[in-house]
Amino acid sequence: MTELPLSGEYLLGPDAALAAQARDLQGCRRCKLCEGRSTIVFGSGSPRADLVVIGEGPGADEDAQGLPFVGRAGQLLTKMLDSVQLTRDEVFITNTVLCRPPGNRNPEADELAACRPFLDAKLGVIQPKVILALGSVATQALLRTKEPIGRLRGKLHQLGDAVLIPTFHPAFLLRNPGQEYRRMAWEDLKLAKREYDARRSR
Ligand code: URA
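Counting of residues starts from 1 at the beginning of each chain's written sequence and follows it residue by residue. It should be noted that, the model being predicted, local features are given only for residues of pLDDT at least 70 and side-chain atom pairs only at 80 or more, the latter also being counted only at that level, while totals for whole chains, interfaces and linings use all residues. In computing side-chain values, all of the structure's heavy atoms are included and hydrogens and water are not.

**Quick look at the overall build of the chain**
The helix count covers DSSP runs of H or I at least four residues long, the strand count covers runs of E at least two residues long, and both are numbered beginning at the N terminus. Counting its secondary structure elements, the chain contains eight helices and six strands. Its helices and strands taken in sequence order, the chain reads α-β-β-α-α-β-α-β-α-α-β-β-α-α from the N to the C terminus. Only C-alpha atoms enter the radius of gyration, while the globule expectation follows 2.2 Å times N to the 0.38, with N the number of residues. In terms of overall dimensions, the chain is globule-like: its C-alpha atoms have a radius of gyration of 16 Å, near the 17 Å expected for 202 residues. Overall, the C-alpha framework of the chain stretches about 55 × 45 × 30 Å when taken along its three principal axes. For each residue, the accessible area found with a 1.4 Å probe, counting protein chains only, is set against the maximum for its type, and the residue is called buried under 20%, exposed over 50%, and partly exposed in between. Scored against the burial criterion, the 202 residues of the chain give a buried share of 50%. By definition, residues are in contact when any of their heavy atoms lie within 4.5 Å. Long-range contacts, defined as pairs at least 24 residues apart, comprise 71% of the intrachain contacts of the chain with a sequence gap of at least 6. Where accessible areas are quoted, they stem from the Shrake-Rupley method and a 1.4 Å probe; at the residue level, only the protein chains shown are allowed to cover. Accessible area for the chain stands at about 10,500 Å²; split by element, carbon and sulfur atoms hold 50% of it.

Below you can see the structure in the form of structure tokens.
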């Protein structure tokens, strides 16, 4: 007979399991990002979400508020989700690193590696069916590849039991307002929504 552990996440529902993970991370000093951050930005949304959105790392607004994607890029992300009838409350939004990189630089390999077990633990609790990866940093880190986002997007990638769909980061779309990138992002969002609807009804 397989013995169940007497404590730990197996006995907790997703809400309590995520709350326990967030609590355990308080005061984290596993990488150098702890030196400049004000808050750990754990993530927000539904612990039972079938779709998880993963960005790069918190910016200044997120670091100040302790919530992901609350600045300008976050406002665009909310609109992007809205365009495929998804709300921030029904998905879960998080980042590849949970602490703000200084000056909004890209997270470095050692920082991504230090935070990865906590992202995997979160995905293990939520068990999403679809992951929307925002931008090349998140997509390349999640898929452990160096291929450019232009070649990764537009396709389905498997990550554990979930299908991962890469798209452009909303901050990139704000910096590059051309219609071409927006059109591609819109195609990616529709693809993500199609997969979400199909996998939820299975
Ligand atoms: N950009 C990100 O990648 N994540 C955030 O939470 C905010 C901006």
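Read on, since the account is not over.
**Re the environment of A49**
Here A49 is to be found in the loop between strand 1 (44–45) and strand 2 (51–55). As a C-alpha pair, A49 and L33 span 16 residues in sequence and 28 Å in three-dimensional space. Once you skip the residues sitting within four places of it in the chain, A49 turns out to touch E90, V91, F92, I126 and P128.

**Some points on the packing of aromatic side chains**
Pairing of aromatic side chains here covers Phe, Tyr and the six-membered ring of Trp, requires ring centres within 6.5 Å, and sorts the geometry by plane angle: under 30 degrees stacked, over 60 edge-to-face, intermediate tilted. Applying the stated criterion across every chain, the model contains three aromatic pairs. On the basis of an interplanar angle of 20° and a centroid distance of 5.3 Å, the ring pair of F168 and F172 is categorised as stacked. On the accessibility criterion, F172 (22% relative accessible area) is partly exposed. A ring pair is formed by F168 and Y181, whose centres lie 5.2 Å apart and whose planes are at 75°; its orientation type is edge-to-face. Of the two residues, F168 is situated in the loop between strand 6 (162–167) and helix 7 (170–175) and Y181 in helix 8 (residues 179–200); the sequence distance between them amounts to 13 residues. Given the relative accessible area of 6%, F168 is considered buried. Judged by its relative accessible area of 31%, Y181 falls in the partly exposed class. Clustering of aromatic rings is evident, with ring pairs tying together F168, F172 and Y181.

**Side note on the site of the ligand**
In this text, near means that some heavy atom of the residue lies within 4 Å of the molecule or strand in question. Every residue near the ligand is listed here: G55, E56, G57, E62, P68, F69, N95 and H169. We call two N or O atoms a polar contact when they sit within 3.5 Å, provided that within protein one can donate a hydrogen and the other can accept it, with sequence-adjacent residues counted only if both atoms are side-chain atoms. One of the backbone nitrogen or oxygen atoms of F69 is found 3.0 Å away from an oxygen atom of the ligand. Between the ligand and H169 there is a distance of 2.8 Å, counted from an oxygen atom to a side-chain nitrogen or oxygen. Protein chains bury 91% of the 240 Å² of accessible surface belonging to the ligand in isolation.

**Regarding the sheet that holds strand 1**
Read from one edge to the other, the open sheet built from six strands follows the order 1-3-2-4-6-5, with strand pairing classed as mixed. Since the sheet does not close on itself, it has two edges, and those belong to strand 1 and strand 5 (157–159), each with one partner. Relative to strand 3 (residues 92–95), strand 1 runs antiparallel, the two being bridged by two bridges. Counted as the bridge partner of S44 is I93 from strand 3. Note on geometry: axes are lines fitted to C-alpha atoms, helical ones only across the stretch in contact, with angles between N-to-C directions running from 0 to 180 degrees. Lying over the sheet, helix 8 contacts strand 2, strand 4 (130–134) and strand 6, oriented at roughly 165° with respect to strand 6. Strand pairing requires that DSSP identify at least two bridges connecting the strands.

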